[in-house]
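A closer look at the structure
Now for the letters of each chain:
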Amino acid sequence: MTDQDKDTPTGDDTTDFGFSRVKRDQKVNMVRGVFDSVAARYDLMNDLMSAGIHRLWKRFTIELSAVRPGQVVVDIAGGTGDIAERFSRIVGPDGQVVLADINAAMLGVGRDRLIDRGALGNIDLVQCDAQALPFPDNSVDCITIAFGLRNVTDKDAALRSMERVLKPGGRLLVLEFSKPTNPLLEQAYDTYSFRILPFMGRVVANDADSYRYLAESIRKHPDQDTLLGMMEDAGFVDCQYHNMTGGIVAVHRGIKA
Amino acid sequence: MNQTHDPAALSGLLAGLEAAINRALALAPAASRELGDLGNVVLAIECTAPEVTVFIRVAPQGTLQLMGYCEDKATTRVRGTLEDFIALAMSDDPAATLINSELEIVGNTAPLVAIQQIVTRMDVDWEAPLVEKLGDVAGHQLAEAMRATFAWGSNAVTSLRRQLSEYILEEGRLSPPKAELEHFFEQVQAVGHRVDRLQSRIERLKRRLDKAGV
């Protein structure tokens, strides 16, 4: 078992929480604590941390989704609703978008944002666990999960759950931090993640620990090829990924057979 | 995965371009309406060197959506090198350049011509955002000043081009005039045709002599 497979069951009942090992049933509450803490300033911090590039990563992910008017889309770990808002305009009044998140504080911020921007009528908000999605089998055209999978305790279970609810031919898009392809970029990225990011978290959100967890959880997340294999194991076909910004982020796409 | 470019970099470029184009279209309601009337059109601009494809979707509300990835069937696909596209963009007569260049067009060309005509006729009301920000008097005066500057700049460029051309042709005698050059090419072509005809005639005579056993 590789270092990056530690989130999968190991026989003991512990899992990663950043660089620490915690009881599997505790991780949900600890992740919830992190996101409760950062929810109010999540969008601002995303813009600051990525210099606004997260909008471009999401823009490309939405293009890859090839979602059409009238379709049903679920955005898991959708948090503050920026992706759901875009999908809401694409699917139109005949389609449906579900903004799903395990964290009530993030959903609250998302709901307020969607109302403020007039994205109403075809969006539902659901508080749920990605490992056990509360949707019928074969009912969804497209699922996206952006910067959320690394926080899930059992990623394999989550991918299987997504595969279950997708319609045959439906597609899953996983946008997540990954492994830089250039060693020099990786070094610079490490310095940024472990020195600058917690500092920014302390200054802007008054919460260095949460942002340290975010950096650590990125390092513990499976790299591009490992995640590709996990998606294939969950039953997805035609799986592929696109590296963005030198592999700092990758978007994986899989189709339900 | 083999990638020739970073999708995020292309997305950034396209997002900026899309925002600028749609901002300009918002200030040119006639052009925006005409674009909206075209229906659901998807143009694929396929650059072979460097290898990158950009899709332009015309939305019914008269805006443009620029994408690096699109699964919709392209109404028109234009393929060529970056040099070909730059030549097309810089051309005074885009239709002629499109026909005479190495650009390959697949699909329905009507929307492409229609969009080109809409862009040519596009009359952007640059004064509107200035008036909105600065008020009627200051906005109008600034717009007038900008118009005068642009007109001066445009005249200066035209004048410079004319003078440069005159210098190259008349003063420096560095290049023959266009008409002389075209006449020379016509003569070369005519000589080529005559030589071809002479060659055919010689071959025909040769065959006749062979038949006669001479």
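Just so it is clear, the structure is predicted and the values come from calculations on it, not from any experiment.

A full pass over the atoms with the stated rule returns 23 salt bridges over all chains. Among the salt bridges present, the one from Glu18(B) reaches Arg59(A), with a minimum N-O distance of 3.0 Å. Pair noted here: Glu18(B) is in helix α1 (residues 7-26) and Arg59(A) is in helix α3 (residues 54-65), and the two residues belong to different chains. Each member of the pair, Glu18(B) as well as Arg59(A), is classed as buried. With a closest N to O distance of 3.2 Å, Arg68(A) and Asp72(B) form a salt bridge. Of this pair, Arg68(A) sits in the loop between α3 and β3 (72-76) while Asp72(B) sits in the loop between β3 (64-67) and β4 (76-80), each in a different chain. You can call Arg68(A) partly exposed: its relative accessible area is 39%.

Let us look at a nonpolar patch on the surface. Residues and elements named next belong to chain B. Residues Leu134, Leu142, Met146 and Phe150 make up a contiguous nonpolar surface patch of about 380 Å² in total accessible area. Summarising the element assignment, Leu142 is placed in helix α7 (residues 136-171). Take Leu142: its relative accessible area is 37%, and that puts it in the partly exposed class.

When glycine is set aside, most residues are seen to have a negative phi, and most peptide bonds are trans. The peptide bond linking Ala49(B) to Pro50(B) adopts the cis configuration, its omega dihedral lying at 0°. Its location among the elements puts Pro50(B) in the loop between β1 (41-48) and β2 (51-58). One non-glycine residue, Ala66(A), adopts positive backbone phi at about 50°. Mapped onto the elements of the fold, Ala66(A) is located in the loop between α3 and β3. Accessibility expressed as a relative area gives 17% for Ala66(A), which makes it buried. Within the chain, Arg173(B) stands out as a residue other than glycine whose phi angle is a positive 50°. Structurally, Arg173(B) is set in the loop between α7 and α8 (178-212). Under the relative-accessibility criterion, Arg173(B) is labelled exposed at 64%.

Moving on, we get to the UniProt feature "binding site: S-adenosyl-L-methionine" (unreviewed entry) in chain A. Residue and element names in this part refer to chain A. Under the UniProt annotation, the feature "binding site: S-adenosyl-L-methionine" (unreviewed entry) is placed at Thr80, Asp101, Asp129 and Ala130. Note that Thr80 resides in the loop between β3 and α4 (82-91). Excluding its chain neighbours within four sequence positions, the residues that come into contact with Thr80 are Tyr42, Asp43, Met106, Val109, Gly110 and Arg113. Note that Asp101 resides in strand β4 (residues 96-101). For Asp101, a relative accessible area of 7% translates into the label buried. In terms of polar contacts, Asp101 uses its side chain to reach the backbone amide nitrogen of Gly79, at 2.8 Å.

Take the state of the cysteines next. Residues and elements named next belong to chain A. Counting across every chain of the model gives 0 disulfides over all chains. Summary of cysteine pairing: Cys142 is not part of a disulfide, and the nearest cysteine sulfur, belonging to Cys239, is at 14 Å. Accessibility expressed as a relative area gives 14% for Cys239, which makes it buried.

As far as domains go, chain B holds domain 1 (7-121), domain 2 (126-175) and domain 3 (178-214). For domain 1 of chain B and domain 3 of chain B, the distance between their C-alpha centres works out to 46 Å.

Residue and element names in this part refer to chain A. Close contact between helix α6 (residues 155-165) and helix α9 (residues 224-233) brings their axes to 9 Å; oriented N to C, the two are set at 50°. Accordingly, the angle class assigned to the pair α6 and α9 is oblique. At the point where α6 passes α9, the crossing takes the right-handed sense. The segment α6 lies against α9, with Lys155, Asp156 and Leu159 engaging Leu227, Met230 and Met231. Of the residues assigned to the contact of α6 with α9, the class counts are 4 nonpolar, no polar and 2 charged.

Along the chain, Glu166(B) falls in helix α7. Along the primary structure Glu166(B) and Leu43(B) are separated by 123 residues, whereas in three dimensions their C-alpha atoms are 40 Å apart.

A word on the UniProt feature "domain: SCP2" (unreviewed entry) in chain B. The positions that UniProt labels "domain: SCP2" (unreviewed entry) are, in the present scheme, residues 21-118 of chain B. Helix makes up 41% of residues 21-118 of chain B and strand 30%. Its end C-alpha atoms lie 13 Å apart.

Attention now moves to the environment of Asn122(A). Residue and element names in this part refer to chain A. Looking at the secondary structure, you find Asn122 in the loop between α5 (104-116) and β5 (123-127). Classification of Asn122 as buried rests on a relative accessible area of 8%. Once residues lying within four places of it in the same chain are set aside, the contact partners of Asn122 are Ser88, Val91, Gly92, Pro93, Gly95, Gln96 and Val97. Polar contacts involving the side chain of Asn122 include one to the main-chain carbonyl oxygen of Gly92, which spans 2.9 Å.

The rules behind the values
Residues numbered from 1 in each chain as written. Chains lettered and ligands numbered in written order. Predicted model: local features only at pLDDT ≥ 70, side-chain atom pairs only at ≥ 80, totals over all residues. Heavy atoms only, no water. Salt bridge = Lys/Arg side-chain N within 4 Å of Asp/Glu carboxyl O. Helix = DSSP H or I, 4+ residues; strand = E, 2+ residues; numbered from the N terminus. Buried < 20%, exposed > 50% of the residue type's maximum accessible area, 1.4 Å probe, protein only. Patch = residues over 30% accessible without salt bridge, like charges linked within 9 Å, V, L, I, M, F, W, Y side chains within 5 Å. Areas by Shrake-Rupley, 256 points an atom, 1.4 Å probe, with all protein chains shown as cover. UniProt positions renumbered as here; feature names shortened; annotations may be inferred. Contact = heavy atoms within 4.5 Å. Polar contact = N/O pair within 3.5 Å; in protein donor to acceptor, adjacent residues only side chain to side chain. Disulfide = S-S within 2.5 Å. Domains from an automatic or database assignment. Axes fitted to C-alpha atoms, helices over the stretch in contact; angles between N-to-C directions. Parallel < 35°, antiparallel > 145°, perpendicular 65-115°, else oblique. Left-handed = near helix turned anticlockwise from the far one by under 90°. Nonpolar A, V, L, I, M, F, W, Y, C, P; charged D, E, K, R; others polar.

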